[in-house]
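Geometric and topological summary
Residues per chain, in single letters:
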Amino acid sequence: MKWPSHGANPHFLYEAMNLPVPKEKLDFSANINPLGPPPVLKENWGKLLEAVTEYPDPHGTILKRKIAEREGLQESNVLLGNGAAEVISLIGRMLAGNQAVIVQPAFSEYEEACRVSGCQVQYHQIPDTWAWMDDDLDAKLKKADALFLCNPSNPTGAYYSKSIILHLLEKCRSQQCLLIVDEAFYDFLADYESISQCINEYPNLLIIRSMTKMFAIPGLRLGYLLADPAVIRKIAAFQPHWSTNGIALKAGELCLESESYIKETITLIEQERQRLFLFYQSREMLVSPSRINFYLLKDPTLSNQYSFLQYLLNRGIIARHTVNFPGLEGEWLRFAIKGPGDNDKLMEAVDGWLDSRL
Ligand SMILES: Cc1ncc(COP(=O)(O)O)c(C=O)c1O
């Protein structure tokens, strides 16, 4: 069976599992803000049409300036991308023929981007308490040119503190190795500690950001890279002209004005996460120590979660399988945290599953 490599686009999962697609579906496999795009985007949507008839600024200067200001960095520290996915792909091209270590389990695109450009990959596997462990990392870094870390982690939702990042930056610097931190979900953290300023001291630090999750605009494609200007120039050389479209650039500027919407989202997600985790605890289901808008879930009576996944899919509840996450191999399912009504439906379906096992 060929499992889809990502969440979202649920028809691929139904097709792979040879199941009919129900009329009503709830997709928990994509980790998008349940509040939808910020109000300011909806209010100005009509005006964004003007951007369609013009070529976009190939450097996205205005948006770049706004991002740099927010981070206390220079415009030369920012590269915009057609989603964080493009940034990852460009980093892969820069690493062509090199060696990379990926902290696993992690978003699969790092490995894809490395392998396609002939970059050799090793894993640094985190055990399933998901607490940070150096283990034999030093030995691996000796031969490596780059270390990839997803923080907060997709798929677990665990967050590694700034002190751990500083510890890794020192290690990587002493081995002349890049540290690439994917912060696609940083803005869902209530207590995020920014590492942007570390770029001034550590030119080996690359920070990947996505704007598609918090601002619920995965269809628009918008992300960026924060790094030392020399690294930015190197990576930008691989990027096609006009890579970030004009609507995304303008939408990005509006999204950055949405501070209260971010706070509202964090509050909602925290409340819902607490409610869901209490429910799972009362049903003796296991969850990962997530601090953000998704989590791993396991029925501990099963070794792989295939029958649970199938049960949910038949009821139109779509979870993300974990078959292609090294170290998870299908032993967990990943769920986005949605709004209260949708989460209620998920909990009802989980109770239905538990009853069906009796
Ligand atoms: C950890 C992580 N990084 C990057 C991306 C890509 O995000 P974007 O939609 O900005 O391309 C994703 C998408 O799921 C992700 O989970």
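For the structure, see preceding data.
In this numbering scheme, every chain counts its residues from 1 along its sequence in written order. Totals for whole chains, interfaces and linings use every residue, but because this is a predicted model, local features are given only for residues with pLDDT of at least 70 and side-chain atom pairs only at 80 or more, for both listing and counting. Here the side-chain values reflect all heavy atoms present in the structure, with hydrogen atoms and water set aside.

In what follows, a disulfide is any cysteine sulfur pair within 2.5 Å. Evaluated as defined, the whole model comprises 0 disulfides. The thiol of C150 is unpaired, and the distance to the nearest cysteine sulfur, on C114, comes to 14 Å. C177 supplies the cysteine sulfur nearest to C172, a cysteine that is in no disulfide, at a spacing of 4.2 Å.

Each pair of aromatic rings taken from Phe, Tyr and Trp, with Trp reduced to its six-membered ring, is defined by centres within 6.5 Å and is described as stacked if the planes are under 30 degrees apart, edge-to-face if over 60, and tilted in the remaining cases. This model, assessed by the stated rule, comprises 17 aromatic pairs. Ring geometry for W132 versus Y160: centroids 5.6 Å apart, planes at 75°, classification edge-to-face. Placement of the pair is W132 in the loop between β4 (120-125) and α7 (137-143) and Y160 in the loop between β5 (146-150) and α8 (162-174), with a sequence separation of 28 residues. Residue class for W132 comes out buried when judged on its relative accessible area of 17%. Measuring from centroid to centroid gives 6.2 Å for F185 and F188, while their planes differ by 40°, and the two rings are tilted. Whether a residue is buried, partly exposed or exposed follows from its accessible area with a 1.4 Å probe, protein chains only, as a fraction of its type maximum: under 20%, in between, or over 50%, in that order. Relative accessible area serves as the criterion here: at 3%, F185 is assigned to the buried category. We count a stretch as a helix when DSSP gives it H or I for four or more residues in a row; a strand needs E for two or more, and each element gets its number in order from the N terminus.

For helix α12 (residues 259-282), built from 24 residues, the straight-helix expectation of 34 Å at 1.5 Å per residue is met to within 8% by its first-to-last C-alpha distance of 35 Å. Every buried residue belonging to α12 is among Y261, I262, T265, I266, L268, I269, E272, R273, L276, F277, F279 and Y280, and all of these are buried. Positive phi appears at E284, one or two residues downstream of α12, with a value of about 60°. The span expected for a helix works out to 1.5 Å for each residue beyond the first.

Limitation: the analysis is restricted to geometry and does not speak to function.
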